[in-house]
Amino acid sequence: MNSSSGKKKSIILVIAILLIMAALIIVMSLSLRTNPVEERLSGDHGIAACLVINDGEGNPLVTNVVLYYPPTQMGALFNIPGNVGGIYSSLGRVDRIDVVYSEKGMQTYSGEIAKLFRLDIPFTLDISLQNLGILTDLLGGLRVFVPSPVDVVGPEGERWLLPSGVVNLDGDKIQTYMQYFAEEEAEGARADRRQNVIIALISALREKRSVMFSKKNFAAFGELVDTNMNQAALYTLLEMFSHMDSERLSPQTITGSLRNTDGKLLLFPFYNGQLIKDVVMQRMAMLRTANEEMQMRVYVVEIQNGTGTQGLARNTAALLSTVGYDVLQAVNADRDDYEHTVIINHIGNKEAAESLGNFITCYNIKDEEVRSLDQGWSSAAEVDFTLILGSDFDGRYVRGGYGRGERNDKN
């Protein structure tokens, strides 16, 4: 009796195990077929990915958030300096953001960047310096600009040599380009150089698209990238990125104030991190509404201080420069008692004027009369927009967003 009962229990246990295994196999099979990038494209979503090139020893050399909006085929790059400071929950302390990568790994690092940007960043791409060299050779080299010849001896006696000019570097040379440092070179210049490699990589994806995205070739490329995606999703993501025009990319970086904290010089983002969130939001909106003219233009702004607050125009110039505007000059207005901030649109581009207005919540926009080309067009100003700051501007926003939803003629 006991023997029969024991056999029944054993059979039931075996059946249960088999059912669990079958369920796991089904789930794994479905997950392997799932392409999260294609799922993301099913809605009106942009694509965001965290791209890191690391030194192979657990340290990021350059980190970028890549934004892409497939319907307009427009993209943007945001550089994340390694010394961005903050209280990171994953570390439980104030520190540099690149320490998160070194101590907690790529996924946690990407998560902290997502919180910094207030942006969903579902995809990660992590390439070691050695694999970048291999990838560079597979792509036939990366084209970068070297302003002057490089002949530097490294800390371990190695000699770094690079020619000057616009040069196509092979895998070994691109690793040198990423690593070398000269005593007279500023930290910002080194960051720009490494950023150039990201742009060159995107350019090479575009130029070598037919080679890289051949089904028989992609496996060799794909295995060089550590990612949180399966190979099908990685293929879809990189193929989309290959449509970006690197010539029209305007890389941006996090800006802030440097402060010494616990013996470390940390960069704390302006406005407690709100500025970079606003910049990312504005950039995503521009990617969604981009037309050919907006892709080609860097808009020129003149800023006039219409208040008695000293330095307001100069500080606003720095603010607008962070989002890609070319500020021609920051000067005093014709008087210092403007109550309301106003944007004067000299070029008749409503979308571009409203984009500027949205960034500072100014909806008081005036259109200057623009003569057509066949009438011998000439602007009354050497700029696209004139921004006259009134007493309702607090240095970041127009309080109350004066004139929301309508054009105003009051000053």
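Overview of the structure. All of these numbers come straight from a predicted model, not from anything done at the bench.

Details of the overall build of the protein chain
Along the protein chain, the regular secondary structure elements total 14 helices and 19 strands. Counting the 411 residues in the protein chain, one finds 48% classified as buried. Counting only contacts in the protein chain whose residues sit at least 6 apart along the sequence, the fraction spanning at least 24 positions is 67%. Accessible surface, the protein chain: about 21000 Å² in total, of which carbon and sulfur atoms supply 53%.

As for the pattern of salt bridges
Taken as a whole and judged by the stated rule, the model has nine salt bridges. Here Arg93 and Glu103 are joined by a salt bridge, their closest N and O atoms 2.9 Å apart. Note that Arg93 is positioned in strand S5 (residues 93-96) and Glu103 in helix H3 (residues 98-104), a separation of 10 residues in sequence. Given the relative accessible area of 31%, Arg93 is considered partly exposed.

Quick notes on empty space enclosed by the protein
Tallied over the entire structure, the rule returns two cavities of 30 Å³ or more. By volume, the largest cavity amounts to about 160 Å³. Elements that contribute at least two residues to the lining of the largest cavity include exactly strand S6 (123-128), helix H7 (187-207), helix H9 (215-222) and helix H10 (231-241). Tallied by class, the residues present in the lining of the largest cavity amount to 15 nonpolar, one polar and no charged. Taken as a whole, the second largest cavity spans an internal volume of roughly 60 Å³. Lining of the second largest cavity is provided by Thr253, Ile254, Thr255, Phe270, Leu275, Ile276, Val279 and Thr322. Counting residues per element, the lining of the second largest cavity draws most heavily on helix H11 (residues 274-289), which supplies three residues. Residues that form the lining of the second largest cavity fall into these classes: five nonpolar, three polar and no charged.

Let's talk about the layout of surface pockets
In this structure, the largest pocket spans a volume of roughly 1100 Å³. The set of elements that each furnish at least two residues to the lining of the largest pocket consists of strand S2 (60-69), H3, H7, strand S12 (252-253) and strand S14 (264-269). When residues in the lining of the largest pocket are grouped by element, the largest group, nine residues, is from H7. Within the lining of the largest pocket, the residues separate by chemical class into 17 nonpolar, 16 polar and nine charged.

Considerations on the pairing of strand S4 (residues 85-88)
The pairing of S4 with S5 spans four bridges and is classified as antiparallel. Counted as the bridge partner of Tyr88 is Arg93 from S5. Hairpin connection from S4 to S5: four residues lie between these consecutive antiparallel strands, with Gly92 at a positive phi of about 75 degrees.

Points about the pairing of strand S8 (residues 150-153)
Burial along S8 is one-sided: the face carrying Val150 and Val152 is buried and the face carrying Asp151 and Val153 is not. Note: S8 against strand S9 (residues 159-162), four bridges, orientation antiparallel. Along S9, the bridge assignment pairs Asp151 with Leu161.

Concerning helix H5 (residues 129-138)
Listed as buried for H5 are Leu129, Leu132, Gly133, Leu135 and Thr136. Projected down its long axis, H5 carries its buried residues within an arc of 165 degrees, all on one side. Just downstream of H5 lies Gly140, where phi reads positive at about 80 degrees.

What to know about the sheet that holds strand S3 (residues 74-79)
Taken together, six strands build an open sheet; the order of strands is S11-S6-S1-S2-S3-S12 and the sheet is mixed. Strands with a single pairing partner mark the edges of an open sheet, and in this sheet they are strand S11 (226-227) and S12. For S2 and S3, the ladder comprises six bridges, and the chain directions are antiparallel. Within the sheet, the bridge partner assigned to Tyr69 lies in S3 and is Met74. Those strands touched by H11 are S2, S3 and S12, and its axis lies near 165 degrees from that of S3.

What to know about the nonpolar core
In this structure, Val65, Leu67, Phe78, Phe117, Ile303 and Leu320 are the most contacted members of the largest nonpolar core, which totals 57 residues. Setting aside anything within four residues of it in sequence, one finds Phe78 in contact with Thr63, Asn64, Val65, Leu67, Phe117, Gln252, Ile276, Val279, Val280 and Arg283. If you look at the next biggest cluster of nonpolar residues, it comprises 54 residues, including Ile53, Leu77, Leu205 and Val225.

Focus on the sheet that holds strand S15 (residues 300-305)
A sheet is described by the order of its strands in space; here five strands give the open sequence S16-S15-S19-S17-S18, paired in mixed fashion. Strands at the two margins of the open sheet, each flanked by one partner only, are strand S16 (326-332) and strand S18 (365-367). Each strand of the sheet is rotated relative to its neighbour by a mean of 20 degrees, with strand direction disregarded. As judged from the three bridges shared by strand S17 (residues 342-345) and S18, these two strands associate in the parallel manner.

Quick word on unusual backbone geometry
A positive phi angle, close to 55 degrees, is found at Asn272, a residue other than glycine. Relative to the helices and strands, Asn272 resides in the loop between S14 and H11. In this model, Thr361 sits at a positive phi of 55 degrees, which is unusual for a non-glycine residue. Here Thr361 lies in the loop between helix H14 (350-360) and S18.

Focus: the packing of aromatic side chains
Enumeration over the complete set of coordinates arrives at eight aromatic pairs. Summarising the aromatic geometry, the rings of Tyr299 and Phe385 are spaced 5.7 Å apart at their centres and angled 50 degrees between planes, so their arrangement reads as tilted. Of the two residues, Tyr299 sits in the loop between helix H12 (292-296) and S15 while Phe385 sits in strand S19 (residues 385-389), which places them 86 residues apart along the sequence. By way of ring pairs, the aromatic residues Phe213, Phe218 and Tyr235 are connected into one cluster. If you follow Arg193 out to its NZ or CZ, it ends over the ring of Tyr180, 3.8 Å from the centre. Across the ring face of Phe359, the terminal group of Arg396 is positioned such that the distance to the ring centre comes to 4.2 Å.

Conventions used here
- Residues numbered from 1 in each chain as written.
- Predicted model: local features only at pLDDT ≥ 70, side-chain atom pairs only at ≥ 80, totals over all residues.
- Heavy atoms only, no water.
- Helix = DSSP H or I, 4+ residues; strand = E, 2+ residues; numbered from the N terminus.
- Buried < 20%, exposed > 50% of the residue type's maximum accessible area, 1.4 Å probe, protein only.
- Contact = heavy atoms within 4.5 Å.
- Areas by Shrake-Rupley, 256 points an atom, 1.4 Å probe, with all protein chains shown as cover.
- Salt bridge = Lys/Arg side-chain N within 4 Å of Asp/Glu carboxyl O.
- 1 Å grid on protein atoms, 1.4 Å probe; cavity = no way out; pocket = protein on both sides within 12 Å on 5 of 7 lines; lining within 4 Å.
- Points joined across faces, edges and corners; volume = space filled by probe spheres on them.
- Nonpolar A, V, L, I, M, F, W, Y, C, P; charged D, E, K, R; others polar.
- Pairing = 2+ DSSP bridges.
- Arc of directions from axis to C-beta.
- Axes fitted to C-alpha atoms, helices over the stretch in contact; angles between N-to-C directions.
- Core = buried A, V, L, I, M, F, W, Y, C linked by side-chain atoms within 4.5 Å.
- Phe/Tyr/Trp six-rings, centres within 6.5 Å; stacked < 30°, edge-to-face > 60°.
- Lys NZ or Arg CZ within 6 Å of the ring centre and 35° of its normal.

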